[in-house]
Number of protein chains: 2
Amino acid sequence: MTQDVDLARTSGDDTLGRLAADRDLLGRAGTAQRVAEVLRDRIAEGALPPGTRLSEQALGAALGVSRNTLREAFRTLVDNRLVVHEMNRGVFVRMLDPDDVTDIYAVRRALEGTGLRAVCTAPPERIAALHAAVAGGEAAAELGDWAEVGTADLRFHRALVALAGSPRLDEYMTRLIAELRLAFLAMPSARALHEPFLRRNREIVDLLAGGDFDGATVVLDRYLDDACEMICAAMRMDGA
Amino acid sequence: MTQDVDLARTSGDDTLGRLAADRDLLGRAGTAQRVAEVLRDRIAEGALPPGTRLSEQALGAALGVSRNTLREAFRTLVDNRLVVHEMNRGVFVRMLDPDDVTDIYAVRRALEGTGLRAVCTAPPERIAALHAAVAGGEAAAELGDWAEVGTADLRFHRALVALAGSPRLDEYMTRLIAELRLAFLAMPSARALHEPFLRRNREIVDLLAGGDFDGATVVLDRYLDDACEMICAAMRMDGA
DNA sequence: CTTGTGGGATTGTTCAACAATAGCCTAACC
DNA sequence: GGTTAGGCTATTGTTGAACAATCCCACAAG
């Protein structure tokens, strides 16, 4: 039935490479890592709001894992800054203050600015991803799907960083966005949060397409300043 | 004997703030965290060279901690990219390849460039730290203490990033340097690694003092390009 | 209103156990 | 000869229970 061929030699296509990429998607992850991912998702979607105490006993029972495994998962979440660990008190979903948000946006300026400066050396498919993200956001806005507008916005800015072609910068950005979601949760509506910035993203890609890098940088910096200020204002409102 | 005053109200000086800063220095760390720090140090100094397998039983016995605690420490080291975890095989001290080094230096360009651009808004004591690090490196070179030249060099570049005033960028840089030490271990001599760059650091601070930011950026980029190429060349030599 | 003082719950850490897996060795086989 | 199959051993993955240390809270005393 099956042909007796040597897979490693005959693959003119990149079958092996693609298989290897799938490896980590399936089973290949330990329990602790999967628990960390579940908690990451639940925190991001607001099911575990900032300030929530993550009881080892309760969570362990709910997820069906032992306390030791759970504690391993906590370690990675602490390193991701999604939870804080207070000695002999437990771990809590992180609560961001305006200083945190300000610093996060300072890092975004550094990361996204680096991507922007690398646009002239970036491969065309990365530029295309930029345009696709903006178009996706506009289409979602047309439909009134403001949650999708938000993810498209973040996809755009992640694609901006990806222009630099650095795996580590990409990971910084991914983690930064996960952290930023903690602040988004404090915002009243997804529409008010993302709609004002649709136009800015369009402006940036258009300026880039026209070769006006300095203009794009100015718009990007204004975007980040305004977004930061908007979130900080909402946080001060909410806290008082 | 003691005056009966309310500490919280009467502190014209910032006694409370300084006390709070001391809190984390004292005992306030769990076993796992301390174990992670010990392993970090041993890896940085080369006592646990890249590729070394970190046996849970052997390390646990040596450090006098249980396997569970050790595994918690491993998680943070994995997140710091100092070790790699292979499922059902164990954790190994990370081995960097030239691609890793290239990416690390790409991130350094982004981080240190960000600091450099922020020099005009940085407080004077941060500028002073810059000059102090360069002077310290030159003094150590005078004495032939090449290890100290190396730490002064890293102190200078960390101070460069600190100009941006961002805690997160500072932490990125700290972790990046810890990772970079894995590559330094492959270099034959500390002198060959650091001596050529003493002059560049001096150039950078002098150009900055003169207000020539673009010139400083050029020298910095050349520094990073050359250092990266030097290390990659040594790695290719060593690997073959 | 502040200062002890229990009691109860939770975390910090260890230990022992078992299942699952990787690595190695041997033997059989074409 | 080289390759494949099977089995053994050491190590990791994960769990459960145990105990000490610590924090929180309620309550009493000054």
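Report on the accompanying structure. (Residues numbered from 1 in each chain as written. Chains lettered and ligands numbered in written order. Predicted model: local features only at pLDDT ≥ 70, side-chain atom pairs only at ≥ 80, totals over all residues. Heavy atoms only, no water.)

## Quick look at the interface of chain A and chain B
The partner chain B presents 29 residues to the 29 residues of chain A that form the contact. Each partner contributes to the roughly 2,800 Å² buried at the junction of chain A and chain B, and carbon and sulfur atoms together form 45% of this total. Ranking the residues of chain A by area buried against chain B places Glu72(A), Arg75(A) and Arg168(A) at the top, with a combined share of 27%. At the boundary of chain A with chain B, the tally comes to 14 salt bridges. Between Arg168(B) and Asp103(A) there is a salt bridge, and its shortest N-O distance comes to 2.8 Å. At the boundary of chain A with chain B, the tally comes to 14 residue pairs in polar contact (both at pLDDT 80 or more). Elements with a contribution of two residues or more to the side of chain A that touches chain B: helix H3 (31–44), helix H5 (67–79), helix H6 (98–117) and helix H9 (167–184) of chain A. In terms of residue count, the dominant contributor to the side of chain A that touches chain B is H9(A) (eight residues). (Contact = heavy atoms within 4.5 Å. Buried area = accessible area lost by both parts, 1.4 Å probe. Salt bridge = Lys/Arg side-chain N within 4 Å of Asp/Glu carboxyl O. Polar contact = N/O pair within 3.5 Å; in protein donor to acceptor, adjacent residues only side chain to side chain. Helix = DSSP H or I, 4+ residues; strand = E, 2+ residues; numbered from the N terminus.)

## Brief notes about the protein's contact with DNA strand C
Every one of the 22 residues lining DNA strand C counts as a neighbour, but Arg53(A), Arg71(A), Thr31(B), Thr69(B) and Arg89(B) are closest to it. The sugar-phosphate backbone supplies 72% of the atoms of DNA strand C found within 4 Å of the protein. Contact between DNA strand C and Glu56(A): a phosphate oxygen at 3.4 Å from a main-chain N or O atom of the residue. At 2.4 Å from a phosphate oxygen of DNA strand C is found a side-chain nitrogen or oxygen belonging to Arg89(B). Taken together, the residues of the surface near DNA strand C sort by class into one nonpolar, 13 polar and eight charged. (Near = heavy atom within 4 Å. Nonpolar A, V, L, I, M, F, W, Y, C, P; charged D, E, K, R; others polar.)

## A look at the protein's contact with DNA strand D
Among the 22 residues in the neighbourhood of DNA strand D, the closest are listed as Thr31(A), Thr69(A), Arg89(A), Arg53(B) and Arg71(B). Put simply, 72% of the atoms of DNA strand D that lie within 4 Å of the protein are in sugar or phosphate. Contact distances for DNA strand D include 2.5 Å between a phosphate oxygen and a side-chain N or O atom of Thr69(A). Of all the secondary structure elements, the ones that give two or more residues to the surface near DNA strand D are H5 of chain A together with helix H4 (56–63) and helix H5 (67–79) of chain B. Across the surface near DNA strand D, the residue classes tally to one nonpolar, 13 polar and eight charged.

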